[in-house]
Amino acid sequence: HASGGSAVRGEREERVGELILQISKDDVTALQCKVVCLIQNGSFKEALGVINTHTKVLTSDIIAFEKAYCEYRLNRIENALKTIQSASQQTDKLKELYGQVLYRLERYDDCLAAYRDLIRNSQDEYEEERKTNLSAVVAAQSTWEKVMPEDLGLREATYELCYNSACALIGQGRLNEAMKKLQKAEELCRQSLSEDSDVTEEDIEAELAIIHGQMAYIMQLQGRTEDALQLYNQIIKLKPRDFSSRNVDQNVFDSKKKVKLTNAEGVEHKLSKKQLQAIEFNKALLAMYTNQADQCRKLSASLQSQSPEHLLPVLIQAAQLCREKQHAKAVGLLQDFADQHPANAAEIKLTMAQLKIAQGIHVTKACMILRSIEELQHKPGMVSALVTMYSHEEDIDSAIEVFTQAIQWYQQFQPKSPVHLSLIREAANFKLKHGRKKEAISDLEELWKQNPKDVHTLAQLISAYSLVDPEKAKVLSKHLPSSDTMSLKVDVDALENSHGATYVRKKAGKLTGDNQQKEPGQGDVKKKKKKKKGKLPKNYDPKVTPDPERWLPMRERSYYRGRKKGKKKDQVGKGTQGSTTTGSSELDASRTASSPPTSPRPGSAAAVSATSNVIPPRHQKPAGAPATKKKQQQKKKKGWLVVMVDCSEEALHFSSGSWG
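Since we're looking at a predicted model, the values are computed, not measured. (Residues numbered from 1 in each chain as written. Predicted model: local features only at pLDDT ≥ 70, side-chain atom pairs only at ≥ 80, totals over all residues. Heavy atoms only, no water.)

### Here's the deal with helix α22 (residues 418–433)
In this model, α22 (16 residues) spans 22 Å end to end at C-alpha, consistent with the 22 Å of a helix rising 1.5 Å per residue. Considered for burial, the residues of α22 that qualify are H420, L423, I424, A427, A428, F430 and K431. Down the axis of α22, the buried set is contained in an arc of 165°. They therefore lie on one face. Looking at α22, the residues exposed on the side facing more than 90 degrees away from the buried face are P418 and K433. Buried residues along α22 sit in contact with α20 (380–392), α21 (396–413) and α23 (437–450). Looking one or two residues past α22, G435 carries a phi angle of roughly 75°, positive in sign. (Helix = DSSP H or I, 4+ residues; strand = E, 2+ residues; numbered from the N terminus. Expected span 1.5 Å × (residues − 1). Buried < 20%, exposed > 50% of the residue type's maximum accessible area, 1.4 Å probe, protein only. Arc of directions from axis to C-beta. Contact = heavy atoms within 4.5 Å.)

See below:
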């Protein structure tokens, strides 16, 4: 695009062309100048309209490049290709545009050939740009077609070349090397753009955002999710015009907002088909995780119609069915896809087996599905998985059959390879572990034949033959090394004097000496721990047999008869106010020996002395009354506790008896 003074100049030239066309409507030069001016102003539709209006004058030989360029900028790529191919003469600028068109159509092989021809046959100031485009084609092949890129021998002096080289390394999975290339590209970008006075800091950051996006993608592939997310967010804050940042946010609702940015106008023309397809897949997954089942089914069905052989649409549909607890229907869907597309059946069947295992009750069916994948039957990982699953189901015969089939495959195609011998050893160990020594003999013999110096295998073989053919075991035992050759170079004295050995030896000698000196049985008495004597009560009498019911409460003992009625007959603790605990006989003066035969007369000295020594009943404290009352309260409380805890008939009987 021309900007600033060039744009003003283009408008002025356009006005001049209009004046000429007013005089001569079909002037070829004036029409051609008008088209060029419209292109410089970015008016591609108007320029194409002028070309199509004057087709008789502006023939394809005259204006083929301008027409193809307008169609290219309007994203009419197929039309641009036809225009270029229909041109009678292929000029250098048409070849340049032809390379761009092939790149947009993702015809990378043809594009690579076109740029090589241009670099070989051109000598001008645009050689660096052509090399940059060539490296971009190689990076696209490595990323989207998984083609091993060839070394072009380009000197990576610009940040564009470093960036494209890093993209090619990402396609090969060489992430650490790619990160170093991107860091170099970042440094070169800052250095080259800072030298231009017209470039602002915002322009530099916008250009670096593309490099930072690839850095974040590498971090994401390396599992550094937090670092990648932080860098992605920094790019999004800049609001770049080319929004193709990858979203790794775990918040599905935030992801739903960000994925709408990919619907911006013009994005589909700046991304490859694989990138657009990945965005659609992410939309379907987002619909599934946000519980939009209908939207998920609609998107996945649309993707499947666009790419019938692609795995992801049918896997998304199966995942949605599993979320709806329709496992059988999901397995049926996967089975139909595997039948229709045998080339992709392996990955689909692995998913089917996973669904069967997830249900927990179809492990054997999962094994059958895995064994139907012929191209993976002999793989060590598949053998390990099948043997583990069959062992879980206690189907040892099927597990041994899996080993046998895998060993036979390697015996036929890769005999005596490390994987072959490893499978034989694992099969032998498995059979020995489950008591199949007779079946393990052939495997052990094969291993021993490959390595006659393997003593461990020979010992296993002898052990297996000992139960089947003892004579054969004796013959094989002659191949065992002698005790002299097997003796280890160990310093016996040093071993005996070591800390551990000395401790054990002293302990053994001490026990032996004690056993010789002590009488039989004496050592055993000392080993017993002394029991501490329990404390006896103060009033304990050893001559009297202890009461066997002493642990029971008094009310629950067999000899308890309850309180005797009338025992405290004379006490009036429960009487009226002012009563005392003194007996009635003590209050009866007629029964005392010192009482006079007749009462003194009122007012006499004797009456005064007698009445002065007697405390009126209302002022007397009953002797022992408080203690008696406290004792009675405790007994009543005890009686209540017995009723609450022990509800047996005896306990209830004694409780009611205590109440009187």
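### What to know about the packing of α23 against helix α24 (residues 455–468)
Between α23 and α24, whose axes approach to 9 Å, the crossing angle comes to 145°. You can see that α23 and α24 cross each other, and the crossing is left-handed. The residues of α24 that touch α23, namely those facing K437, K438, I441, L444, E445, L447 and W448, are T457, L458, Q460, L461, S463, A464, Y465, L467 and V468. (Axes fitted to C-alpha atoms, helices over the stretch in contact; angles between N-to-C directions. Left-handed = near helix turned anticlockwise from the far one by under 90°.)

### Describing a negative patch on the surface
A surface patch of negative charge is lined by E125, E128, E129, E160, E201, E202, D203 and E207. Locating E201 in the fold gives a position in helix α11 (residues 201–221). A residue is classified by how much of its surface remains accessible, and E201, at 48% relative accessible area, is partly exposed. (Patch = residues over 30% accessible without salt bridge, like charges linked within 9 Å, V, L, I, M, F, W, Y side chains within 5 Å. Areas by Shrake-Rupley, 256 points an atom, 1.4 Å probe, with all protein chains shown as cover. Salt bridge = Lys/Arg side-chain N within 4 Å of Asp/Glu carboxyl O. Lys, Arg positive; Asp, Glu negative; His and termini not counted. Charge placed at Lys NZ, Arg CZ, Asp CG, Glu CD.)

### Notes on the packing of aromatic side chains
One pass over the structure, following the stated rule, counts six aromatic pairs. Ring centres 5.8 Å apart and planes at 50° place the aromatic pair F403 and F430 in the tilted group. With F403 in helix α21 and F430 in helix α22, this pair connects stretches of sequence that are 27 residues apart. The same class applies to F403 as to F430, namely buried. With a centroid separation of 5.0 Å and an interplanar angle of 80°, the aromatic rings of W409 and Y410 are classed as edge-to-face. The exposure class of W409 is partly exposed, given its relative accessible area of 26%. (Phe/Tyr/Trp six-rings, centres within 6.5 Å; stacked < 30°, edge-to-face > 60°.)

### With respect to the pattern of salt bridges
Going through the model one piece at a time under the given rule, you end up with 19 salt bridges. Among the salt bridges present, the one from R130 reaches D124, with a minimum N-O distance of 2.7 Å. Since its relative accessible area comes to 4%, R130 is described here as buried. Across the pair R436 and E439 runs a salt bridge, and its minimum N-O distance is 3.4 Å. Through salt bridges with shared partners, one network takes in K95, D117 and R120.

### A look at the nonpolar core
Membership of the largest hydrophobic core comes to 41 residues, with the highest contact counts inside it found for L334, I348, L370, V383, V387 and F430. Among the secondary structure elements, those contributing two or more residues to this core are α16 (311–323), α17 (327–340), α18 (345–359), α19 (363–371), α20, α21 and α22. The biggest single contributor to this core is α21, with eight residues. Discounting residues that sit within four places of it in the chain, L370 has contacts with L350, A353, M382, L386 and M389. One finds I170, L208, I211 and L231 within the second-largest nonpolar core, a separate group that totals 26 residues. (Core = buried A, V, L, I, M, F, W, Y, C linked by side-chain atoms within 4.5 Å.)

### Focus: the confidence of the model for the protein chain
Mean pLDDT over the protein chain: 77, with 72% of residues reaching 70 or higher. Considering each helix and strand of the protein chain separately, the mean pLDDT is smallest for helix α33 (residues 649–658), with a value of 37, and largest for α20, with 94. Segment residues 503–525 is flagged for pLDDT under 50; beyond a separation of four residues in sequence, or across chains, it makes three contacts in the model. (pLDDT = per-residue confidence, 0-100.)

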